[in-house]
Structure formats: C-alpha cells, structure tokens
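# Report on the structure
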Amino acid sequence: MKILLIRHGDPDYEKDSLTEKGWHEAELLAQRMAELEIQSFYVSPLGRAKDTASCTLKKMGREAEELAWLREFHAPIPDFHTGEPRIPWDQLPADWTAEPKYYDNIRWAETLPMLEGHVIDEANRVWNGLDEVLAKHGYVRNGNYYDAVSPNEDTLAFFCHFGVTCVMLSHLLGISPMILWHGFCAAPTSVTSLITEERRKGVALFRMN
C-alpha cells in the first residue's frame, strides 16, 4: 500500500481558499497526480484543502470522501512565556527542546502545556480516524505495526494540512509529533509518500519516502 499526504496550495487563510499562486500550484499538482493510479481520495473539510483537491479530482473525473478528522490539527497550547494560546508547532526552539519528554513518542503529551491543551485527545481523534481508513483498505493496527489482512498495492491520497500531516506521520512512524512539527517541512502542494514494508508475511510497517 502507498499513502500520499498532500498539503494544500498557497493559502488565503482569510477566505479559507487559495491565493492565485495556490490555484496555479493546485493545477500543476493535478497534472502530476493524473499520471498515478489512485484507489481512493480523502479530503479535509476546510476550503483550502478542498479547493486544492478539486483540480485533481476534476482532471481525473473522481470524487473524494470528506473526513472531519483531516481538518487542520486544532489543539492550542499555552505559550511558554505569555500563556496565550498558540499552535503546538509555533514554539521557540530554546523553550521546547529543554524538555526531554518532547523527544519521546509516548511522553510528549504528558507535559503541562500539552495537558492544558488536551492535545492527546485531538491526536487520538486523528490516529483513530486514520486507522479506520487503513483497516477499510486491509491494514489493521496491532500495537506498533499493522496486520496486513488484505495486502495490496492500493494508493490512497489525503488532501490536508501541515499540522495534521505531522500527527499522522507520528502515528505511522512512531515519532513524537513535536519533533516532526519542528523538524519537518511540507511546502504547499508537496506530496509526502509512505509505503508498507512487509518483510514478514502479514506484518506491515510504513516507510516514508
């Protein structure tokens, strides 16, 4: 199986749509996507992701399933200095890197800012939604790997956002999302791909390309 995580084009956040540049990016993306064999399309309910997907879907004559959990990750945490709410991936390096828990793929959610923002609840919503989709396509979560119940070479495309992409990657790769939020970059209309590696029959892990 292959998963494509596609960030929306250059955004017009005020209108929750795309800028002129963003629409051009989405059209170029559609040309690339049209060359692929994609089993299923999934899209965030937010306008900037839906508009980005629309170019590909129109070109390929396809439709996408809208998933509420694919919206941009929303779990503000208090700023380390002011206490004002900020998105988790907008923290200064000297602040968050001083806490070893943020480097742990389990304990990252145990810090006071994450607890106050109920971040793990939102993360679980994303992880459960992702696992539900993967199970529908034959891959069932089993601890830290997936049972390849119905192994296949399907390609799934998810049109979404940077923050939620990092949360999905954290689940698939076993990495703290804090590390991904601050050490990974996904430009507008970039495509992050993962494939299952099934070295032992029936057991799958995801490898990011």
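Residues numbered from 1 in each chain as written. Predicted model: local features only at pLDDT ≥ 70, side-chain atom pairs only at ≥ 80, totals over all residues. Heavy atoms only, no water.

## Considering the pairing of strand β1 (residues 2-7)
As a general feature of sheets, a regular strand has side chains that alternate between the two faces. When you tally the buried positions in β1, you get five out of six residues, the bulk of the element. Bridging between β1 and strand β10 (residues 155-160) involves six bridges; their strand directions are parallel. The partner of Ile3 across the bridge, within β10, is Leu156. Sheet topology note: the β1/strand β11 (residues 191-200) ladder contains five bridges and is antiparallel. Pairing of Leu5 across the sheet is with Thr192, part of β11. (Buried < 20%, exposed > 50% of the residue type's maximum accessible area, 1.4 Å probe, protein only. Helix = DSSP H or I, 4+ residues; strand = E, 2+ residues; numbered from the N terminus. Pairing = 2+ DSSP bridges.)

## Some words on the packing of helix α5 (residues 119-136) against helix α6 (residues 162-173)
Taken N-terminus to C-terminus, the directions of α5 and α6 make an angle of 65°; their axes are 10 Å apart at the nearest point. Relative to α6, the element α5 lies roughly perpendicular. Note that α5 runs across α6; the crossing there is right-handed. Residues Ala123, Val126, Trp127, Leu130, Asp131 and Leu134 of α5 pack against Val164, Val167, Met168, Ser170, His171 and Leu172 of α6. Looking at side-chain class alone, the contact of α5 with α6 contains nine nonpolar, two polar and one charged residues. (Axes fitted to C-alpha atoms, helices over the stretch in contact; angles between N-to-C directions. Parallel < 35°, antiparallel > 145°, perpendicular 65-115°, else oblique. Left-handed = near helix turned anticlockwise from the far one by under 90°. Contact = heavy atoms within 4.5 Å. Nonpolar A, V, L, I, M, F, W, Y, C, P; charged D, E, K, R; others polar.)

## Section: the nonpolar core
Ranked by internal contacts, the top residues of the largest apolar core, which has 44 residues, are Ile3, Trp69, Phe73, Leu134, Phe158, Met168 and Trp181. Breaking this core down by element, the ones donating at least two residues are β1, α5, β9 (145-148), β10, α6, α7 (177-183) and β12 (203-208). One finds Leu29, Met33, Phe41 and Phe159 within the second-largest nonpolar core, a separate group that totals 12 residues. (Core = buried A, V, L, I, M, F, W, Y, C linked by side-chain atoms within 4.5 Å.)

## Concerning the pairing of strand β4 (residues 40-43)
Here β4 shows a buried face lined by Ser40 and Tyr42 and a second buried face lined by Phe41 and Val43. Here β4 runs beside β10; their pairing, made up of four bridges, is parallel. Bridge assignment links Tyr42 to a residue of β10, and that residue is Phe158. In this sheet, strand β5 (residues 65-66) lies alongside β4 in parallel orientation, the contact comprising two bridges. Residue Val43 lies in a different strand from β5, and its bridge partner there is Glu66. For the segment spanning β4, helix α2 (residues 47-60) and β5, crossover handedness is right-handed. (Right-handed = clockwise from strand over helix to strand, strands pointing away.)

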